[in-house]
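Read off the chains here:
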Amino acid sequence: MTTTLPVATTASPRAAAPLKHRSAVRDVVTMTRRETRRSLRSVDGLITAFALPVLIMIVFVVIFGGAISGSTDGDYIDYVVPGVLVMCLGMNSASAAIGVSQDMTTGTIDRFKTLPIFGPSALWGHVIASVVRNLASAVVVVLAAVALGFRPDAGIAGWLGFLGLAVLAVLTFTWISATLGLVMSVEAAQSVTMIFLFLPYLSSGFVPVETMPTWLHGFSENQPFTPVIESVRGLLMDTPDAGTLLAACAWLAGFLAASILAGSVTYRRRTAR
Amino acid sequence: MNDPLIEVRGLHKSYGRHPVLRGVDLDVRRGEIFALLGPNGAGKTTCVNILTTLVRPDGGTAAIAGADVVRQPGAVRRSIALTGQYASVDEFQTGEENLVMMADLAHLPRRAVRRRAAELLERFDLADAARRRVSTYSGGMRRRLDLAISLVADPEVLVLDEPTTGLDPASRTQLWEVVRSLAADGTTILLTTQYLEEADQLADTIAVLADGRIAARGTASELKALVDDDRVRVTFDDTDGLTTARERSFAGIAGLTEAESDDKQLTLTLPTSTPVHTIREILARAERDGLDIAAVSVVKPTLDDVFLALTHRPASPATSDRDRQEARR
């Protein structure tokens, strides 16, 4: 009476259809344009991308700086700018969670999935737009830092290294956020920003780990933000450490691979809520 | 005309231990408007999600234009377009940008993209609002843009999931006109609705989905013929009159045992195959007992009656399929 479908077919269904790489690229470009528009036209997004990181830096350097460094000779700014930079890359990437979650709620992602397009191009659009937005934001933060007295010692190689690490970090942070956005309500997705706001505080980004309570040392020394921020500091101050850089890249690449996998699978399975 | 464009056989789907579809069969002919009518939670959205390749069925088959939704999703996606329950248009883009984006995603030749967008804006009466952001659009305008977006790639089959939910009566009528004109141009339309009037107004064929099965199918008049009795409705001035009539005065009138008594509306509705006879009897009894009657009317069967008879529960627009899905998670 009822015919049962084979649950898994051996040949991938899409392998039969000719998937042209050019159209996949066009899909991702279209989605990137969409996300860029969303960022540029949202007051919230612009504030998070440009005003907030600069304000946070001013708070740390001008207001807390004197007390934290125990003096006002200006060294603390060189210590804290890498922490602020990584924190702002994280917070900026987190807005992907809100965007994806909105698209899930409104059925927009469902509609994309009924189109004969390259599967997760909507997620890649978020990720690429996020890289562009973050690099723009990082430039503003660095310029503001220099204006406040930040004096990096990096040469060309150091800056290129920083650029590479920043792109890797943004890819990872955005994929994590986009994946969370697929399963979270819009309200819950707002809180993804908090992860990227608070975890850096518990690293060596703002104060040295040794000054924290001993029970926190284990976490702070071994959590991913510590090697990432230490690496940025090393690259910008021209004191890079291969081990730290390796640890940072391993953490980021691991999270990136895991979240691309989880995100792509979830994208295919979830329908609108 | 001979082969159905959409062919569904024995479709099963459960979420956890909750069965949503338990053997759905559908045949939709090319060029027709087919309405899937059902109360909330009947499985309409699940059907739509399977047909549009969003959800895999647990059992059974579904094919659109000969392409199986599980094995050939790419081919299915090339022939369908979905308009979901809420207008899935980007608020932060203008109407034109939304259309251009979808035309790009439909892989239209680059030169054709803007022309197609302009054509659709014109056709859906949105040309004046083309350069305004969608956040400034009314509900009706969003729905029209939503439909225009679905038509970018000129789909063979348009799937509309509760297209008029949340629209005011004027926008609803306008949308019906658009759907009719699409069908007249040869697009096959599968729509789901919980509004009987909508199915009655639009559809060539109606299938009633209840508890995961097709309870009945046919044209609106065929379905109405399933409930063959007329009914006589008596309205009273007060509850006392209603009670007296129900308990004493009307005793023995054919149909009283199956009558529906409504204490709020103060009505007593009796099914009958001979309405004139029943009315004469009612008036005679009222005269005899000095009972005041406000009105007597003959009620022809409506799709509501079919719906009630088939599903044994009232159609209430209080909760949507979506709420139900939400509750499951």
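Residues numbered from 1 in each chain as written. Chains lettered and ligands numbered in written order. Predicted model: local features only at pLDDT ≥ 70, side-chain atom pairs only at ≥ 80, totals over all residues. Heavy atoms only, no water.

## Remarks on the domain arrangement of chain B
- One can read the domain layout of chain B as domain 1 (6-225) and domain 2 (230-300).
- Here the C-alpha centroids of domain 1 of chain B and domain 2 of chain B sit 44 Å apart. (Domains from an automatic or database assignment.)

## Some thoughts on helix α3 (residues 95-105) of chain B
- Of all eleven residues in α3(B), eleven are buried, a share of seventy percent or more.
- Turning to α3(B), its buried residues number three or more, namely G95(B), E96(B), E97(B), N98(B), L99(B), V100(B), M101(B), M102(B), A103(B), D104(B) and L105(B).
- Those residues of α3(B) hidden inside the fold are in contact with α2 (21-40) and α5 (108-113) of chain A together with α4 (110-123) and α5 (139-150) of chain B.
- Phi turns positive one or two residues past the end of α3(B), at H107(B), with a value near 60 degrees. (Buried < 20%, exposed > 50% of the residue type's maximum accessible area, 1.4 Å probe, protein only. Helix = DSSP H or I, 4+ residues; strand = E, 2+ residues; numbered from the N terminus. Contact = heavy atoms within 4.5 Å.)

## Focus on the packing of helix α7 (residues 156-183) of chain A against helix α12 (residues 242-269) of chain A
Residues and elements named next belong to chain A.
- Where α7 contacts α12, the two axes come as close as 8 Å, and the packing angle between them is 30 degrees. Taken together, the axes of α7 and α12 are roughly parallel relative to one another. Handedness of the α7/α12 crossing: left-handed. The residues of α12 that touch α7, namely those facing L165, L168, A169, L171, T172, F173, W175, I176, T179, L182 and V183, are C249, L252, F255, L256, S259, I260, A262, G263, S264, T266 and Y267.
- Each residue belonging to the contact of α7 with α12 can be placed in one class, and the counts come to 16 nonpolar, six polar and no charged. (Axes fitted to C-alpha atoms, helices over the stretch in contact; angles between N-to-C directions. Parallel < 35°, antiparallel > 145°, perpendicular 65-115°, else oblique. Left-handed = near helix turned anticlockwise from the far one by under 90°. Nonpolar A, V, L, I, M, F, W, Y, C, P; charged D, E, K, R; others polar.)

## Brief notes about the nonpolar core
- Ranked by internal contacts, the top residues of the largest apolar core, which has 113 residues, are F112(A), L99(B), I189(B) and I206(B).
- Sort the elements by how many residues they give to this core and helix α4 (residues 75-105) of chain A lands first, with 16 residues.
- Not counting the four nearest positions on each side in its chain, I189(B) is found in contact with E32(B), I33(B), F34(B), L158(B), L160(B), V179(B), L182(B) and A183(B).
- Formed by 32 residues, the second largest nonpolar core is a distinct cluster that contains L5(B), V28(B), I64(B) and I214(B). (Core = buried A, V, L, I, M, F, W, Y, C linked by side-chain atoms within 4.5 Å.)

## With respect to the pairing of strand β11 (residues 230-236) of chain B
All names here are of chain B.
- Across the seven residues that make up β11, a large majority, five, are buried.
- Looking at chain direction, β11 and strand β13 (residues 267-272) are connected through six bridges and run antiparallel. Along β13, the bridge assignment pairs V234 with L268.
- Of the strand pairs in this sheet, β11 and strand β14 (residues 293-299) are connected by six bridges, and their pairing is antiparallel. Among the inter-strand pairings, R233 is bridged to a residue of β14, identified as S297. (Pairing = 2+ DSSP bridges.)

## Focus on the UniProt feature "transmembrane region" (unreviewed entry) in chain A
Residue and element names in this part refer to chain A.
- Taking the numbering used here, the UniProt-annotated feature "transmembrane region" (unreviewed entry) corresponds to residues 43-67, 79-101, 122-150, 156-176, 188-207 and 245-267.
- For residues 156-176, the end-to-end C-alpha separation is 30 Å, with 100% helix and 0% strand making up the annotated structure.
- Between the C-alpha atoms that bound residues 245-267 the distance is 32 Å, and the span itself is 100% helix and 0% strand. (UniProt positions renumbered as here; feature names shortened; annotations may be inferred.)

## Here's the deal with the packing of aromatic side chains
- Tallied over the full model, the rule gives 13 aromatic pairs over all chains.
- Both rings, one in W159(A) and one in F162(A), keep their centres 6.1 Å apart while their planes meet at 80 degrees; by these two values the pair is edge-to-face. Note that W159(A) and F162(A) are positioned in helix α7 at a spacing of three residues, about one turn of the helix.
- Residue classification places W159(A) among the partly exposed positions, given a relative accessible area of 30%.
- The exposure class assigned to F162(A) is buried, which follows from its relative accessible area of 8%.
- With a centroid separation of 5.1 Å and an interplanar angle of 55 degrees, the aromatic rings of Y201(A) and F206(A) are classed as tilted.
- The exposure class of Y201(A) is partly exposed, given its relative accessible area of 29%.
- A connected cluster of aromatic rings, assembled from ring pairs, spans F60(A), F64(A), F198(A), Y201(A) and F206(A).
- When the ring centre of Y79(A) is taken as reference, the NZ or CZ atom of R233(A) above it lies at 3.7 Å.
- When the ring centre of Y15(B) is taken as reference, the NZ or CZ atom of K13(B) above it lies at 5.4 Å. (Phe/Tyr/Trp six-rings, centres within 6.5 Å; stacked < 30°, edge-to-face > 60°. Lys NZ or Arg CZ within 6 Å of the ring centre and 35° of its normal.)

## So, the sheet that holds strand β4 (residues 59-64) of chain B
Residues and elements named next belong to chain B.
- One open sheet holds the four strands; their spatial order is β2-β1-β4-β5, and the pairing between them is antiparallel. The open sheet has two edge strands with one neighbour each: β2 (18-28) and β5 (67-68).
- With eight bridges joining them, strand β1 (residues 6-15) and β2 adopt antiparallel strand pairing. Each bridged residue has a counterpart across the sheet, and for I6 the counterpart in β2 is V28.

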